[in-house]
Amino acid sequence: MKTFSALVAIAVFTSLVGAVLVMIGVEQHHTNPIWAIGTAIVFLITLLIDVWMFFAIAGEEAYEWEK
């Protein structure tokens, strides 16, 4: 059950990050190299936070096989 909770938390967090990116208009500036690099950094940080959140919430349950 912890794994499911972790996946829901990741989905909510990632959706919030995506909504903020759309609000600031990232899709309108994808040809600008500075915006592209900044967006890539935001995506990378979001991925790292998602992985950290998963293991912080799921704990040892993430490593267990189904019985």
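Everything below is about the structure shown above.
Read on for a plain summary of the structure. Fair warning: this is a prediction, and the values are worked out from it, not measured in the lab.

A tally of regular secondary structure across the protein chain gives two helices and zero strands. Relative to the globule expectation of 11 Å for 67 residues, the C-alpha radius of gyration of the protein chain, 15 Å, shows a markedly less compact shape. Here the analysis covers contacts within the protein chain between residues at least 6 apart in sequence; of these, 70% occur between residues at least 24 apart. Within the structure as shown, the protein chain displays about 5300 Å² of accessible surface, and the carbon and sulfur contribution to it stands at 75%.

Our focus in this paragraph is the nonpolar core. With five residues, the main nonpolar core is built from Ala6, Ile10, Met53, Phe54 and Ala58. At the level of elements, helix H1 (2–23) and helix H2 (33–58) are the ones that each hand at least two residues to this core. It is H2 that provides the largest number of residues to this core, a total of three residues. Discounting residues that sit within four places of it in the chain, Ala6 has contacts with Phe54, Ile57 and Ala58.

Attention shifts here to the packing of H1 against H2. Across the interface, H1 lies against H2 with an axial gap of 8 Å and an inter-helix angle of 160°. Comparing the axis directions of H1 and H2 gives the class roughly antiparallel. The handedness of the crossing between H1 and H2 comes out as right-handed. Residue-level inspection shows Lys2, Thr3, Ser5, Ala6, Leu7, Ala9, Ile10, Phe13, Thr14, Val17 and Leu21 of H1 in contact with H2, the latter providing Val42, Phe43, Thr46, Ile49, Asp50, Met53, Phe54, Ile57 and Ala58. Of the residues belonging to the contact of H1 with H2, the class tally is 14 nonpolar, four polar and two charged.

With 26 residues, H2 should reach 38 Å at 1.5 Å per residue; the first-to-last C-alpha distance of 37 Å fits that figure. Within the sequence span of H2, burial applies to Thr39, Thr46, Asp50, Met53, Phe54 and Ala58. Turning to H2, the residues buried within the fold contact H1. N-cap assignment for H2: the residue whose side-chain oxygen lies 3.0 Å from the backbone N of Ile34 is Asn32.

Turning our eyes to something else, we now look at the side chain of Thr46. Among the secondary structure elements, Thr46 is positioned in helix H2. We classify Thr46 as buried; its relative accessible area is 9%. Side-chain polar atoms of Thr46 contact the backbone oxygen of Val42, separated by 2.7 Å.

Conventions and cut-offs
- Residues numbered from 1 in each chain as written.
- Predicted model: local features only at pLDDT ≥ 70, side-chain atom pairs only at ≥ 80, totals over all residues.
- Heavy atoms only, no water.
- Helix = DSSP H or I, 4+ residues; strand = E, 2+ residues; numbered from the N terminus.
- Rg over C-alpha atoms; globule rule 2.2 N^0.38 Å.
- Contact = heavy atoms within 4.5 Å.
- Areas by Shrake-Rupley, 256 points an atom, 1.4 Å probe, with all protein chains shown as cover.
- Core = buried A, V, L, I, M, F, W, Y, C linked by side-chain atoms within 4.5 Å.
- Buried < 20%, exposed > 50% of the residue type's maximum accessible area, 1.4 Å probe, protein only.
- Axes fitted to C-alpha atoms, helices over the stretch in contact; angles between N-to-C directions.
- Parallel < 35°, antiparallel > 145°, perpendicular 65-115°, else oblique.
- Left-handed = near helix turned anticlockwise from the far one by under 90°.
- Nonpolar A, V, L, I, M, F, W, Y, C, P; charged D, E, K, R; others polar.
- Expected span 1.5 Å × (residues − 1).
- Polar contact = N/O pair within 3.5 Å; in protein donor to acceptor, adjacent residues only side chain to side chain.

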